[in-house]
Every structure is written in structure tokens, then in C-alpha cells.
Amino acid sequence: MDLIIPQINFSAIAPALTVMITAVVVLLIGLFFQKVQRELLAIVGIIGLIVSLGELGRMWGKDITGFGGMVGNDNFTIAFQMIFIIAAFLAALLSLNRIEDEYVSYGEFYGLLLFALSGIIVMVQGLNLLIVFLGLEILSISLYILTGFRKMRADSIEAALKYFLLGAFSTGFLLYGIALIYGTTGSFSFKGISSYVNANGFTNVLFVAGIILFLVGLAFKAAFVPFHQWTPDVYQGAPTPIAAFMSVGAKGAAFAVLIRLFVSVAAFSTREWTIAIWVLALLTMTIGNVVAIVQQNIKRMLAYSSIAHAGYILVGVLAGNEMGRSAVLFYLMAYTFMNLGAFGVVSYLGISHKVENLRIESYRGIGYKYPFAALAMAVFMFSLAGVPPTAGFIGKFYLFSAALKAGFVWLVILSVLNAVISAYYYLRVVVAMYMQEPEEGKVFELPAASWGVGLALLLAVLGVLYMGIFPSSLMQLFQKTAELISML
Amino acid sequence: MVTVLLYLFGILAILSALGMVFHRNPVYSALFLVVTFFSLASIYALLGAQFLSIIQVMVYAGAIMVLFVFVIMLLNLRKEVRLPIGKPAQVIFGVIFGLLLFVEGLLIIKSGSISGTLGRYPQAKVNVIGNVEALGNLLFTKYLFPFELASIILLVGMIGAIILGRKKMPKEL
């Protein structure tokens, strides 16, 4: 029997490969040079990230595929990958925070962060459900471990175990869905599934069941309501920079796959599927926002807020037009800056002298004692709430106008109402920082910030303001990617 | 004959899986799991996937179960202590939706609108060239990239086991 080896084309997986190699290098440096400073590890990792960004830039516009059509990079995918690399970059800087000294094996820490990123990249560029699944597994397993990294703490272990058990369960759903899809269509590739649906529609019950199970698995990873129960506990227990990365990375990757599926299978715009996604989007944002109001712990509040934001992004996915897709990219970019920034401030203010300052009350009066951190936090909160002139406002504007254009008037009205509700709990933090007296008469003491945290917060603030004030250039870029989205 | 055996092993697999979940003694649970694995291996063999069936026995029923039993013996487990399952509302909710899902599954099977699509290697072709060759051929040509990705998953898993299992962290440097 002849072996026909498909065209391999390593340049198609160059970004993922770079990140994986960097991860191994960081791991080995951490292993053999125990005395090495963690700054060095972070810098090595960041160099790898910059190299892989450069590779993505080189691939722009070329539609490079590899491994016989298993992976492909159209501009849309490249834009997604760039956003995730920026998220990992910010998370790596944030984890230089001197305060969170509890996780000590930094080689493994940065190595796993990079592995998680490589999983996301693989997942996003996969044109085949098998690749998507394996990428998702690399991502999830790395995140389970990173969640439990502060293993001397009960809440970290609890979060890791919870995330692992529920995550493994949802992976089962996803895999069963893929198996049913394969059994009915005879193909793992989006192209094959698409041509099957074009020929047969959704007449085969097993195929529909497979798609639903697949969507449930993705919905779990993206924390849509009612698959969101794990989110607050996991974000609370995980190291703060990891929670920040999770809120952007794991969610965004699921969105990328969802959009890829919806674009390649045009029949998803039928009424039944639209209603299902409509309800999912509304439930996700409403429950996220309403429950966020009563949270006292700021990490839990941000967790529910991230659920709500997934709902907003789902509105853009539902719009299904080019504008919706570019709006999703724009919003995800904005969300990366504002959410990583907000988690960064939480991480910076997190622990002083072994006392945790994670309740919203403990933020009272810090506006005068830590003006820069408080100012940054205020910018992120305004942006998350969608107040102009921040990126969050422009992003919501694009998302909702795309949905309006597609005719989802009621959903847009309800989404705007949701944004109004969310302003309450975001502004509560700002009010606490600037307009309330400290709890015990004075504000807690903090050691000086490390350069990494300062740089990350500065970049995030600049990103939020730049995208809010000059959105057009970036939006034009994203619009080009959305026009070009092809199945390769 | 094959159909009868398929049903037999299917029922055996389900019953032993239930036994594994419900039995209080961990050693019995582990043994029930072995029975489940063997039933699955038999189903694979009946469906013509002999290679998978042998791998199933060797890897799961062999290697992994031995590890399980070792761990159980080392940990010196007693009979497990059961915590209450949950709030009554949760139980009722779970039972209702579980039953709904079950009925849905039955309806799907009864509706008869199930059809599959054959892949590149249908049973007749596999019987000619053999399981191992077909699998190896696909694994190192078409599915080369997924195959390599699986190694990354294993690496990440190993790192995780070491980190979470290590007793003491190295001192802060």
C-alpha cells in the first residue's frame, strides 16, 4: 500500500510552533537554572510571543493552509490569533506582580501559560473538528493546572478540581457531538460538514443531536448561561492573571470556532437556530449582569461581568453579517485590554501583608492613596460599562448596530438595557474608590509595583483609550478580515 | 448472532458501569470498571475493529487498571463515606431532565431517520488491508498533525501531574 503524505507546509503552523517551542525553552530554563529570576523567564516568553506575532503578520493576506487542509489561516483567523497573543502578553506581564508570590515554580507557570496559548492558536486555525478538539484539550488541561497553581490554598484547589471535573464532563459532550457529526457526515472538516448540510439539510436527527452536543461543549468553555456555574468559583480561586487570561482566551477561542461553524454552514441562519442563539445571548447577558450586582468579591463580580460580555459578543455572532464579525473582533480586542487591565489592578491591589483586599468595600478611598492604579481601574470600569470615549462604548456600538442591521431590534433593545444595568456595578467600584471613606479610617499599604504590572496597565489603558477615540483604522482592518473570511 | 452478542455486551457494559458507580467498596468498583472495559473491547472486536479492541484491553484493562488498583491499595481506602446527593430540588430537576433525555434518545432510535455516511475505510476495505495498516496509514499521513498535537497534550498532562503532585515547592529564590 502506498503512503500518500499530504503537503505538510510548516509555515502554516509557524505561530503555534513558535509558542510551543518557547514554552519548552521556558520550562527547561526554569528547570536547569533554579536561581534564575522570573523576570528573565517572562522576557523569554514575551520574545517568543513577539516572534509569533511577527510570523502572523507575515502570513497576513496569504491564506496559508497546511497538513492537507487540516489547518488554515485566513485573515479572520490571524486577527483572532493576534488578539490572543496580546492577551497572553499582558497576562505574562501581570504575573510579574510581586504580591502574588504564592506560585513558585515560575518555569512551569510561564510554560503552561504559553502551552495554553498554543492550544488556542491551534483551535482557532483548525479547519477540522479533530484539530479544534485537540487544541481545546491543550488549552483546558493547561488551564486546569494553572488554576490549581496556588496549591497551598484551599480555594485554589477547590477551583481547580471543580474546573477539571466540569470541564472533563463538558469535553465529553463536545467529543460525543463530534463523534455523531462524523458518523453522519463522514467528515471532520468544516468543508465536509458544510457540503453535507447543503445536500441533506438538518433532516438527520443524529446529526442535529451531534451539532447540539458540540455547541453545548463550546458553550461551557465560553461560559454561556446555563453552562456558567463554574465561572465565579474558578476565577476566584485561580491566580488573578490566569483568571484574566481565561476570561479572554478560553471564551474567545470558543467564539472563533462558533463563527467558523456558522460561516461555513450557511444553513445555521434558519429560524430554529437563530431563536436558540437569541435566547442564549439574552439569558447570558441578563443573568450575568443581574447576579453581578449582588457580588461583594471583586473577582466574582468580574467573573459575572465576563459572562455578561460573552452575551454581548454572542449578539454580534448572531448578526451573522460581515459587520457582525468585524464587530466581534473589535469587541474582543477591546475586551482584552479592559478586562485584563481590570484584573491587573485587582491583582496589584490584591494582597498586602497577607490580607486580601478583594472585597469591593476594601477599595474605598484608594483613589487618593494610589492615584495611578485607581485611575486605570476607573478607565477600565467605564470601558466595561460602555461609557464614551472608551473602547467598550465603540465596541458595543458596533456590535449592536450590526445586530440592528440584521434585524434583531428587540435583542438590541434588551442588550442596551443590560448595559445600563451593568453600569450600576461597574460604577460602584469607581464610587468606592473616589467618593467613600476607607473602611478602617485608612487605606491598606502596598509594596511598590513591579515594572511588569506597570507596563501592562499602561498598555491596557492606552489600548482602551486609543480604540475608543480612534476606532476607525482598526475597524477598517477588521472589516477587511471579515470580508475575506473564507473556508480556504 | 453478532447482533445478539452486541446487545449482550452492551447491557453488560452498562450494568458494570452502574455497579462501578454505586458500589461502596473501591476495589469492587475498580473490578466493575475492568468488566466495562472488557465489554467495550468485545464490542469493538464484534464491529471489526480488532486492533482497537486489543489496545483497549492492553492499555485500559491492563495498564491503567493496574495503576488504579495499586493506588487503591496504597491509599488503604475504607468504605466510602457518602455525602448527601444534593438539595431535593436538584435531584428532582436532574431526574426529570435525565428521563426526558432518555425518552428523546428512544424516540430518535424509533424514528428510524438515522443514517450514517461511510468514511474512506469501510468494513470491506479494512478486512482486505487489515486494521493496523489502515490505522497506521491514516495516523502518519492524513492525521499527522493531530497525532503530533496529542503529544503536546501528554506533555502538558505530565507537567501538571508533577506540579500538583510534588510535595514541597522549591524555595523562593
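Computed from a predicted model, the values in this text were never measured in an experiment. (Residues numbered from 1 in each chain as written. Chains lettered and ligands numbered in written order. Predicted model: local features only at pLDDT ≥ 70, side-chain atom pairs only at ≥ 80, totals over all residues. Heavy atoms only, no water.)

Novice: Even after reading the chapter, I still don't get the environment of T481(A), so can you show me in this structure?
Specialist: All names here are of chain A. Structurally, T481 is set in helix α19 (residues 471-484). For T481, a relative accessible area of 0% puts it in the buried group. Counting along the chain gives 155 residues from T481 to S326, while the straight-line C-alpha distance between them is 7.3 Å. Beyond its immediate chain neighbours, meaning those up to four positions away, T481 contacts W60, N75, F76, A79 and L329. (Helix = DSSP H or I, 4+ residues; strand = E, 2+ residues; numbered from the N terminus. Buried < 20%, exposed > 50% of the residue type's maximum accessible area, 1.4 Å probe, protein only. Contact = heavy atoms within 4.5 Å.)

Novice: Is there a simple way to explain the packing of aromatic side chains in this structure?
Specialist: Two aromatic rings are characterised by how far apart their centres lie and by the angle between their planes. Residue and element names in this part refer to chain A. The full count for this structure, using the stated rule, is 29 aromatic pairs over all chains. An angle of 85° between the planes, with centres 5.1 Å apart, marks the rings of F76 and F80 as edge-to-face. Placement of both F76 and F80 in helix α3 (residues 75-94) is noted, with a separation of 4 residues, approximately one turn of the helix. Judged by its relative accessible area of 1%, F80 falls in the buried class. Each residue in the set Y144, Y163, F164, F220 and W230 is aromatic and connected to the rest through ring pairs, giving one cluster. (Phe/Tyr/Trp six-rings, centres within 6.5 Å; stacked < 30°, edge-to-face > 60°.)

Novice: When you look at the interface of chain A and chain B in this model, what are you seeing that I'm missing?
Specialist: One frequently used descriptor of interface size is the decrease in accessible area upon assembly of the parts. Facing 46 residues of chain A, the contacting portion of chain B comprises 35 residues. A buried area of about 3600 Å², summed over both sides, lies between chain A and chain B, and 74% of it is on carbon and sulfur atoms. Between the two partners, chain A and chain B, sit 0 salt bridges. When residues in the side of chain A that touches chain B are grouped by element, the largest group, 8 residues, is from helix α5 (residues 129-147) of chain A. Class assignment of the residues belonging to the side of chain A that touches chain B gives a composition of 30 nonpolar, 10 polar and 6 charged. (Buried area = accessible area lost by both parts, 1.4 Å probe. Salt bridge = Lys/Arg side-chain N within 4 Å of Asp/Glu carboxyl O. Nonpolar A, V, L, I, M, F, W, Y, C, P; charged D, E, K, R; others polar.)

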